[in-house]
Amino acid sequence: RLTNLLISTMCITLISVSCTKSNTGTPAISPSAELSSPVTPEQKLWALATCAVLTESNGTRHDLLGGVKQTPEEIKGWQESLAMWWGVHNREQLLGALDWIHNEGDRREFAKLARDLSAASPEQLADIRKQVQNDPSASNKIEVVLKYKNEFGAKNIIAWDYARYVSLCGWGYIVGYLTEEEAWQRIMPAARILQRTFASWEDLGKNHIAGREFWSWQHTQQRGEATRQAYQTLLNAPSSPWVKLPWNLELETPSSAGNSKPDKQIPPVK
């Protein structure tokens, strides 16, 4: 793994490099959160807008859970997509993918690299870059982390992870792995976490773009420009949910606000 390569390289030149875990400060949602109070259509649209970059890039609808209607053709297509991209063929595997995002996601690797690179001296950093210069994927991860680690801080790349979480819930509903109620039970707490973490749609979108670039150098080369164009469209198009929906829309229900069980948190990724 890239992180292991970095640690090995750094520890050769500096024995005292810290390889201990640290708290990233990134919150996580409870997969068992209950919707004990009604969620308004506007709140649902806001929640779906957290994964709008993915939705826009896929050419699907922002006003539908999962982005499409449940036709036989769409169900088959999304079953194939989930199998190809996520290794998900059934409900159990979908829940496993959601749990992985919930507990780790790509933000775990980002956090580890951020720690390792922050501990490196200029000379060590130059050596690290030299070690991976022939590996575009590894080099890309290093450069993305160096570019954003101080700006994002505890936010990590949570928008990237939770956008995929929300999308997976919708796609899981389309193919029948989740009921509609189960999907919203997971989506709404995720939306509240994202609203508390970021300051605006632009802030969330920038974090998502950076997370996607970190995730895959290859796909950034193939689809990076289209993804950035989708982001710009969402910021400016009159029909965009980011333009229509205020960032500070009230998402709290009585239960999520504290009259019942609040959104639970788990220890941040290490």
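Above this text you will find the structure in question.
None of these values were measured; they are calculated from a predicted model.

A word on the overall build of the protein. Helix and strand content of the protein: 14 helices and 0 strands. The buried share of the protein, taken over its 270 residues, is 50%. Partitioning the contacts of the protein with sequence separation of at least 6, the portion at a separation of at least 24 is 80%. When the accessible surface of the protein is totalled, it reaches about 12,900 Å², and 51% of it is carbon and sulfur.

Here we take up empty space enclosed by the protein. According to the stated counting rule, one finds 2 cavities of 30 Å³ or more in the structure shown. Around the largest cavity, the lining comprises 15 residues; the ones closest to its centre are Cys 51, Thr 55, Leu 64, Gly 66 and Gly 67. Listing elements by their share of the lining of the largest cavity, those giving two or more residues are helix H3 (52-58) and helix H9 (158-175). In terms of residue count, the dominant contributor to the lining of the largest cavity is H9 (4 residues). Split by residue class, the lining of the largest cavity holds 6 nonpolar, 8 polar and 1 charged. Here the second largest cavity is characterised by a volume of approximately 40 Å³. Ile 209, Arg 212, Glu 213, Thr 220, Gly 224, Thr 227 and Arg 228 together form the lining of the second largest cavity. Broken down by secondary-structure element, the contributors of at least two residues to the lining of the second largest cavity are helix H11 (201-215) and helix H12 (217-236). The element best represented in the lining of the second largest cavity is H12, accounting for 4 residues. Classifying every residue of the lining of the second largest cavity by side-chain character gives 1 nonpolar, 3 polar and 3 charged.

Attention now moves to the packing of helix H8 (residues 136-152) against H11. With their axes 9 Å apart at the nearest point, H8 and H11 run at an angle of 155° to one another. Considering the angle they form, H8 stands roughly antiparallel to H11. Between H8 and H11 lies a crossing whose hand is left-handed. Facing Asn 140, Lys 141, Val 144, Val 145, Tyr 148, Glu 151 and Phe 152 of H8, the residues of H11 in contact are Lys 206, Asn 207, Ala 210, Glu 213, Phe 214 and Trp 215. Class assignment for the residues of the contact of H8 with H11 results in 7 nonpolar, 2 polar and 4 charged.

Let us now look at helix H10 (residues 180-197). For H10, spanning 18 residues, the distance from its first C-alpha to its last is 26 Å, which sits close to the expected 26 Å at 1.5 Å a residue. Taken across its 18 residues, H10 has 13 buried, putting it largely inside the fold.

About the cut-offs
- Residues numbered from 1 in each chain as written.
- Predicted model: local features only at pLDDT ≥ 70, side-chain atom pairs only at ≥ 80, totals over all residues.
- Heavy atoms only, no water.
- Helix = DSSP H or I, 4+ residues; strand = E, 2+ residues; numbered from the N terminus.
- Buried < 20%, exposed > 50% of the residue type's maximum accessible area, 1.4 Å probe, protein only.
- Contact = heavy atoms within 4.5 Å.
- Areas by Shrake-Rupley, 256 points an atom, 1.4 Å probe, with all protein chains shown as cover.
- 1 Å grid on protein atoms, 1.4 Å probe; cavity = no way out; pocket = protein on both sides within 12 Å on 5 of 7 lines; lining within 4 Å.
- Points joined across faces, edges and corners; volume = space filled by probe spheres on them.
- Nonpolar A, V, L, I, M, F, W, Y, C, P; charged D, E, K, R; others polar.
- Axes fitted to C-alpha atoms, helices over the stretch in contact; angles between N-to-C directions.
- Parallel < 35°, antiparallel > 145°, perpendicular 65-115°, else oblique.
- Left-handed = near helix turned anticlockwise from the far one by under 90°.
- Expected span 1.5 Å × (residues − 1).

Just distances and angles here, no functional claims.
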